[in-house]
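Residue strings, one per chain:
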Amino acid sequence: MRGAVLHAPGDIRFETLEDPKILKPTDAIIRTAVTCVCGSDLWPYRGAEPTDQARPMGHEYVGFVEEVGSEVTAVQPGQFVIGSFATSDNTCANCRHGFQSSCVNREFMSTCQADFVRIPNAQGTLVATDGVPDERFWPGLLAVSDVMGTGWWAADAAGVGPGSTAVVVGDGAVGLCAVIAARELGAERIIAMSRHASRQKLAREFGATDIVAERGEEGVARIKEMTGGIGADRVLECVGTAQSMSQALRSARPGGSVGFVGVPDGVAVDGQELFFSHVGLRGGPAPVRRYLPDLVDRVLTGAIDPGKVFDLTLPLDQVAEGYRAMDERRAVKTLLTP
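Residues numbered from 1 in each chain as written. Predicted model: local features only at pLDDT ≥ 70, side-chain atom pairs only at ≥ 80, totals over all residues. Heavy atoms only, no water.

Novice: I would appreciate a short explanation of the environment of Ala181 in the present structure.
Specialist: Following the sequence through the fold, Ala181 ends up in helix H6 (residues 173–184). Among the residues examined, Ala181 registers a relative accessible area of 0% and is labelled buried. In this structure, the C-alpha to C-alpha distance between Ala181 and Gly159, residues 22 residues apart in sequence, is 11 Å. Once residues lying within four places of it in the same chain are set aside, the contact partners of Ala181 are Met148, Gly151, Trp152 and Ala155. (Helix = DSSP H or I, 4+ residues; strand = E, 2+ residues; numbered from the N terminus. Buried < 20%, exposed > 50% of the residue type's maximum accessible area, 1.4 Å probe, protein only. Contact = heavy atoms within 4.5 Å.)

Rendered as structure tokens:
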């Protein structure tokens, strides 16, 4: 098969690789329908994470089941399936409590920008649709496997509910999907923090009622000004930098909460400041599997269309250009078609 391999910062190559095989009875092999580049893929691409040896890339996927291990009965060859970037058996105590991304048998996906993919823990990870969805739904279903599921977790972790005021810090694919989630969970006011016109437009289309372009202390001051000097009920941190976390915590009102889903890079939370703020803080890798059935249904019924975050579509063999476009902010998110 063919797949994307990162050899060094900035060096993505499309290469011939060994076809995946069933290694455990809990595995499945899928043929990729569509895949994509994630914002978190840019960390190693930019050298922010070390790349000591060549490694396959990609953790978002939808596709057709080709083969299943002997213990996999939940899906069968020929079915169209969606999974999560974090695989799970969906039976352990952590899974039963809804935190499948902390499954005791968890494996993170890392080979999905390819023609075929081995899915560990397939029994508990994959969700099959009724029949093969129309191709117009494939981008939205792909978004569910990570960025939409992560955006939903940001809103859920922050406690967004009917009538609340929510602030979304970050205008990448996850932040934009978090706007959708806040709307679906009933937020009355959704303030998207964005400095880019095209992303502001999409945020409004997804349900943002207000846009704040300021960042840092100026951004916090603007949120306070818009909320009567108090701060927002719920803040969704979707970036992962020290500045974005500080901005999120200081934008929340006393008694409010922050859901943080941006993979932290250099983030340190001041315990004294958090203690006296009365702000709740919850986050981590999104338990996408918890939300999959609901989100798949919302996509297929047209209630949400997170596939709009893909503003560049390329053949899989042009994956290197997909990385460059996102790195240079010429694209929010790149869809790849095998």
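Novice: How should I be thinking about the side chain of Gln100 in this particular structure?
Specialist: Mapped onto the secondary structure, Gln100 falls in the loop between helix H2 (93–96) and strand S8 (107–108). With near-sequence residues (within four places) excluded, Gln100 lies in contact with Thr87, Ser88, Asn90, Asn94, Cys95, Pro287, Arg289 and Arg290.

Novice: Explain the sheet that holds strand S2 (residues 11–16) to me, please; I cannot follow it from the model alone.
Specialist: The pairing of strands in a sheet comes from backbone hydrogen bonds and takes either a parallel or an antiparallel form. Strand order in the open sheet made by the three strands is S2-S1-S4, with antiparallel pairing throughout. For this open sheet the edge positions go to S2 and strand S4 (55–56), each flanked by a neighbour on one side alone. In this structure, strand S1 (residues 2–8) lies alongside S4, joined through two bridges in antiparallel fashion. What sits directly across from Val5, in S4, is Pro56. (Pairing = 2+ DSSP bridges.)

Novice: What is the right way to look at the sheet that holds strand S13 (residues 210–212) in this model?
Specialist: Sheet architecture is open: six strands sit in the order S13-S12-S11-S14-S15-S16, paired in parallel fashion. Taken across any chain shown, the strands that pair with only one partner, and hence form the sheet edges, are S13 and strand S16 (280–283). Geometrically, the sheet is characterised by an average inter-axis angle of 20° between neighbouring strands, direction not taken into account. Two strands pair when backbone bridges link them, and strand S14 (residues 232–237) and strand S15 (residues 252–260) are joined in this way by five bridges, in the parallel orientation. Across the sheet, residue Glu237 finds its bridge partner in S15, namely Phe260. Across the sheet, helix H9 (residues 242–251) lies against strand S11 (165–169), strand S12 (189–193), S14, S15 and S16, angled at about 145° from S15, the strand it touches most. (Axes fitted to C-alpha atoms, helices over the stretch in contact; angles between N-to-C directions.)

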